[in-house]
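# Tertiary structure, described
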Amino acid sequence: MGRLFVARTDISRKKINIDDLVEVMFELLEGKELHCEFDEVETVLDDNGRYCCVPVTHKVTLGEIVDLLERFKAQPSTLMMPKMPNGSFAKKRL
């Protein structure tokens, strides 16, 4: 299988991991939700906000995701685990 090709590796997005979402949903059921408003596309925490929010997001580029996938794909032959700092997008994905 060949290398992944991505034309625009600089495109970045904010990602929410499912475990963070589930944690916030449990907090919502317990009446401990966080509220926010939006400044265009940016989330702004606000105790009186109209919306509930997930405060933990990861900004990651498409290139970083592809690179991480390639490093995991190569792991059986290189025997090297990719670096995954605590709290990073890579660490949360596993």
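Please refer to the structure placed before this passage.
A short tour of the structure in this document, coming up. Given the structure is predicted, the values throughout are model-derived calculations rather than measurements. (Residues numbered from 1 in each chain as written. Predicted model: local features only at pLDDT ≥ 70, side-chain atom pairs only at ≥ 80, totals over all residues. Heavy atoms only, no water.)

## Concerning the pairing of strand β3 (residues 42-45)
Of the pairings in the sheet, the one linking strand β2 (residues 35-39) to β3 comprises four bridges and is antiparallel in character. Paired with D39 across the two strands is E42, which belongs to β3. If you look at the hairpin formed by β2 and β3, you'll find two residues sitting between the two strands, and E40 has a positive phi there, around 60°. (Pairing = 2+ DSSP bridges. Helix = DSSP H or I, 4+ residues; strand = E, 2+ residues; numbered from the N terminus.)

## Things to note about the environment of R71
With respect to the element layout, R71 can be found in helix α2 (residues 62-78). Residues R71 and M81, spaced 10 residues apart in sequence, show a C-alpha to C-alpha distance of 7.7 Å.

## Overview of a nonpolar patch on the surface
Together, I16, I18, L21, V22, M25, F26 and L29 give the surface a local cluster of nonpolar side chains, amounting to about 700 Å² of exposed area. On the secondary structure map, F26 appears in helix α1 (residues 18-29). (Patch = residues over 30% accessible without salt bridge, like charges linked within 9 Å, V, L, I, M, F, W, Y side chains within 5 Å. Areas by Shrake-Rupley, 256 points an atom, 1.4 Å probe, with all protein chains shown as cover. Salt bridge = Lys/Arg side-chain N within 4 Å of Asp/Glu carboxyl O.)

## Some details on the sheet that holds strand β4 (residues 51-52)
If you trace the three strands from one edge of the open sheet to the other, you get β3-β2-β4, paired in antiparallel fashion. Each edge of the sheet is formed by a strand with only one pairing partner; in this case those strands are β3 and β4.

## So, the state of the cysteines
On inspection of all chains with the given rule, the structure shows zero disulfides. No disulfide involves C36; its nearest neighbouring cysteine sulfur is the one of C53, lying 3.9 Å away. For C36, a relative accessible area of 0% translates into the label buried. (Disulfide = S-S within 2.5 Å. Buried < 20%, exposed > 50% of the residue type's maximum accessible area, 1.4 Å probe, protein only.)

## So, the packing of aromatic side chains
A ring pair, where both rings are aromatic, is described by two values, the distance of the centres and the angle of the planes. A complete count under the given rule lists one aromatic pair for this structure. Between F38 and Y51, the ring centres sit 5.6 Å apart and the planes meet at 55°, which makes this aromatic pair tilted. Residue F38 is located in strand β2, and its partner Y51 is located in strand β4; the two are separated by 13 residues in the primary sequence. By relative accessible area, which is 45% here, F38 ends up partly exposed. (Phe/Tyr/Trp six-rings, centres within 6.5 Å; stacked < 30°, edge-to-face > 60°.)

## What to know about the pattern of salt bridges
A complete count under the given rule lists five salt bridges for this structure. Between E42 and K14 there is a salt bridge, with its nearest N and O atoms 2.9 Å apart. With E42 in strand β3 and K14 in strand β1 (residues 12-15), this pair connects stretches of sequence that are 28 residues apart. Given a relative accessible area of 43%, K14 falls into the partly exposed group.

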